[in-house]
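Observations on the model geometry
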Amino acid sequence: MSERWYKEAVVYCVEVDSFQDSNGDGCGDLRGLTSRLDYLSRLGVTCVWLNPIHPSPQRDNGYDVSDYYGIDPRLGTLGDFVELATQARQRGIRLLLDLVVNHTSDQHPWFQSARNDPGSPYRDWYVWSSEEPPDRRQGIVFPGEQTETWTFDNKAGQWYFHRFYDFQPDLNWSTRAVREEVKKIMGFWLQLGASGFRIDAAPFVLEQVTPGVDPGPLDFSILDDWRQDVQWRTADAVVLCEANVSPEELPKYCAAAPGGPNDRAHMLFAFGINARLWLALARGDAEPLVESLAALPKLAAMAQWATFLRNHDELDLSRLTDEQRNDVMREFAPKQDMRIYNRGIRRRLAPMLKGERRRIELAYALQFAMPGTPVLRYGEEIGMGEDLRLPGRESIRTPMQWDGSRSAGFSSASPAEFVRPILSRGAFAARLVNIGSERRDNGSLLRWFEQLIRVVRECPEIGVGEPTVLDLPLPRSVLVHRFDAPEGTILLLHNLADVAVTVDLRSVAGSEPPSEVFADADYGPLATKLTELDLHGWGYRWIRLRRGNRG
Ligand code: GLC
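Reading the values: rules and limits
- Residues numbered from 1 in each chain as written.
- Predicted model: local features only at pLDDT ≥ 70, side-chain atom pairs only at ≥ 80, totals over all residues.
- Heavy atoms only, no water.
- Domains from an automatic or database assignment.
- Buried area = accessible area lost by both parts, 1.4 Å probe.
- Salt bridge = Lys/Arg side-chain N within 4 Å of Asp/Glu carboxyl O.
- Polar contact = N/O pair within 3.5 Å; in protein donor to acceptor, adjacent residues only side chain to side chain.
- Helix = DSSP H or I, 4+ residues; strand = E, 2+ residues; numbered from the N terminus.
- Nonpolar A, V, L, I, M, F, W, Y, C, P; charged D, E, K, R; others polar.
- Axes fitted to C-alpha atoms, helices over the stretch in contact; angles between N-to-C directions.
- Parallel < 35°, antiparallel > 145°, perpendicular 65-115°, else oblique.
- Left-handed = near helix turned anticlockwise from the far one by under 90°.
- Contact = heavy atoms within 4.5 Å.
- Buried < 20%, exposed > 50% of the residue type's maximum accessible area, 1.4 Å probe, protein only.
- Phe/Tyr/Trp six-rings, centres within 6.5 Å; stacked < 30°, edge-to-face > 60°.
- Lys NZ or Arg CZ within 6 Å of the ring centre and 35° of its normal.

The assigned domain composition of the protein chain is domain 1 (2–102 + 176–455), domain 2 (109–161) and domain 3 (466–547). Computed over C-alpha atoms, the centres of domain 1 and domain 2 are 29 Å apart. Overall, the association of domain 1 and domain 2 removes approximately 1300 Å² of surface from exposure, summing both partners, and the carbon and sulfur fraction of that is 68%. Per-residue buried area on domain 1 facing domain 2 is highest for Val-209, Asp-214 and Tyr-341; these three make up 36% of the total on that side. One can count zero salt bridges joining domain 1 with domain 2. Summed over the shared surface of domain 1 and domain 2, the number is three residue pairs in polar contact (both at pLDDT 80 or more). The biggest single contributor to the side of domain 1 that touches domain 2 is helix H6 (residues 176–191), with four residues. When grouped by side-chain class, the residues that make up the side of domain 1 that touches domain 2 number 10 nonpolar, four polar and four charged.

What follows is the structure in structure tokens.
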């Protein structure tokens, strides 16, 4: 059976301005990205998610859009976008765009018109209050950097609502014209070759805001509407929601009725698995993952999780208890400047794991072994580090390290003119960590990632199958789970501690002789029947028990 593409995809997230400069102005651009598609194709990714590419004052890395129908001139033109989409499709790579429509930039002409003229047709595209809202200091998303959610605008003579920064006024989703406009925006980019959207801050889009009521009730009809419209325009386009909400709430983002047809988002980021995976790594204990998999909400049949370890934001640990969060912070962000918003970590994975190769492999093997479609952030495949001298979440947006030169192969401009500095100090400097040298080295992390991605693409049961955690007498550090699907059955063993163990698998019967498809080391040939298996410290073994129907 041929599965839906998003269930078997490997997604790669790119910050276009940091990836590859093509015109020597020191800023990455769409043509630069197009010129690197062969690299992505060789890596094996099948879908590229572009962080915002629209014109923007860039006060929140493009998550403050001032024109939804354009391309940020630093990044290129609409023609460059279409060329990227065409070239990508020729290589079997699809594009997802960030759709940031909870809010616009305060520089967007809609907001400028709305604030300047009470009679403006755009006035009710935003959320206003004539009185000072009693809850205006509540519901802040960026503690330490944001002080309120309602700000008085002198020109409008009213308070406007902004869930995020004050330069990001929220759109008023109860206004019909806003809904219609956003459908047009989606249609526009689908026509130009996008395969779908990552819906930024989805719960806040759905929220119905009233002064004094925080949080407001959610209006899921917006998602119903999008799904219908997107699918009508382009049959195989997808909607991927960013919704870091409670497990009880999540299924509603995919289906209108529990257990019903998948008539809302196709995909949801697996925030729950993310935080628990980090806790498991910090403690060297599989239990948080066992619990997380057991409690994984059931989504509609065609809906899919999108798994990740690090993304473009801070590593958000807000859904852990204080004790759990402290354990993760102590292990992976011991210094204050590594932390942000009292809840997160602004580092990349490799330095968090102290560059320990076996542990980095274990972490990513585990992510790719979790139910869903894996999402990988640019640079993680070579073990890039962060630059903590940069403010906030800029630390994880340094230019891609293509080679070991002073410019890291990113741009022909003088490094002083680069959009952000090349990481040039410490163990993760471009001189030491770069694609050029990793390509030449058969044992490099990059080569390992190429293999991981290829293996995952050969194991559709991980993307589409039913996960089960095996209840075996095991050391706490070991997770053994399996996926069953018409396409096959795979058994996955991961050891979260740096202590070798032996796992007794005699009770696990397979109908066919098992075969090892991926492992941290050569463990020798497998017996026809599974017996006791060794697992190195931080080791992993993926064993196929049945090769099903792949016709
Ligand atoms: C989402 C994005 C984040 C951005 C925020 C406001 O949470 O992931 O980067 O700052 O929305 O748009």
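From this point, things continue past the structure.
Where helix H13 (residues 357–368) meets helix H15 (residues 445–458), the closest approach of the two axes is 11 Å, and the angle between their N-to-C directions is 20 degrees. By the angle between their axes, H13 is roughly parallel relative to H15. When the axes of H13 and H15 are compared, the crossing they make is right-handed. Residue-level inspection shows Arg-357, Ile-360, Glu-361, Tyr-364, Ala-365 and Phe-368 of H13 in contact with H15, the latter providing Leu-445, Trp-448, Phe-449, Leu-452, Ile-453 and Val-456. For the contact of H13 with H15, the class distribution of residues is 10 nonpolar, no polar and two charged.

Turning our eyes to something else, we now look at the pattern of salt bridges. Pairing is possible between side chains of opposite charge, provided their charged atoms come close. Counted according to the given criterion, the structure contains 48 salt bridges. Its salt-bridge partner being Arg-393, residue Asp-60 comes within 3.0 Å of it at the nearest N-O pair. With Asp-60 in the loop between strand E2 (47–50) and helix H4 (78–90) and Arg-393 in the loop between strand E14 (373–377) and helix H14 (435–440), this residue pair connects regions lying 333 residues apart in the sequence. For the pair formed by Asp-60 and Arg-393, the shared burial category is buried. The shortest N-O distance in the salt bridge between Arg-506 and Glu-532 comes to 3.9 Å. Pair noted here: Arg-506 is in the loop between strand E18 (501–504) and strand E19 (515–519) and Glu-532 is in strand E20 (residues 532–535), with a separation of 26 residues, a long-range link. Residue Arg-506 is classed as exposed on the basis of its relative accessible area of 55%.

Our focus in this paragraph is the packing of aromatic side chains. All chains considered together, the criterion is met by 38 aromatic pairs. When the centroid spacing of 6.2 Å and the interplanar angle of 90 degrees are considered together, the rings of Phe-19 and Tyr-378 count as edge-to-face. One end of the pair, Phe-19, is in helix H1 (residues 16–19); the other, Tyr-378, is in the loop between E14 and H14, and 359 residues separate them in sequence. The class for Phe-19 is buried, based on a relative accessible area of 0%. Summarising the aromatic geometry, the rings of Phe-111 and Tyr-126 are spaced 4.9 Å apart at their centres and angled 75 degrees between planes, so their arrangement reads as edge-to-face. Here Phe-111, found in helix H5 (residues 109–116), pairs with Tyr-126, found in the loop between H5 and strand E4 (128–129); they are 15 residues apart in sequence, far enough to count as distant. Each member of the pair, Phe-111 together with Tyr-126, is buried. Through pairs of rings, three or more aromatic residues link up here, namely Tyr-364, Phe-368, Trp-448, Phe-449, Phe-518, Tyr-540 and Trp-542. The ring of Trp-402 has Arg-36 sitting right over it, with the charged end atom 3.7 Å from the ring centre. Across the ring face of Tyr-523, the terminal group of Arg-541 is positioned such that the distance to the ring centre comes to 4.0 Å.

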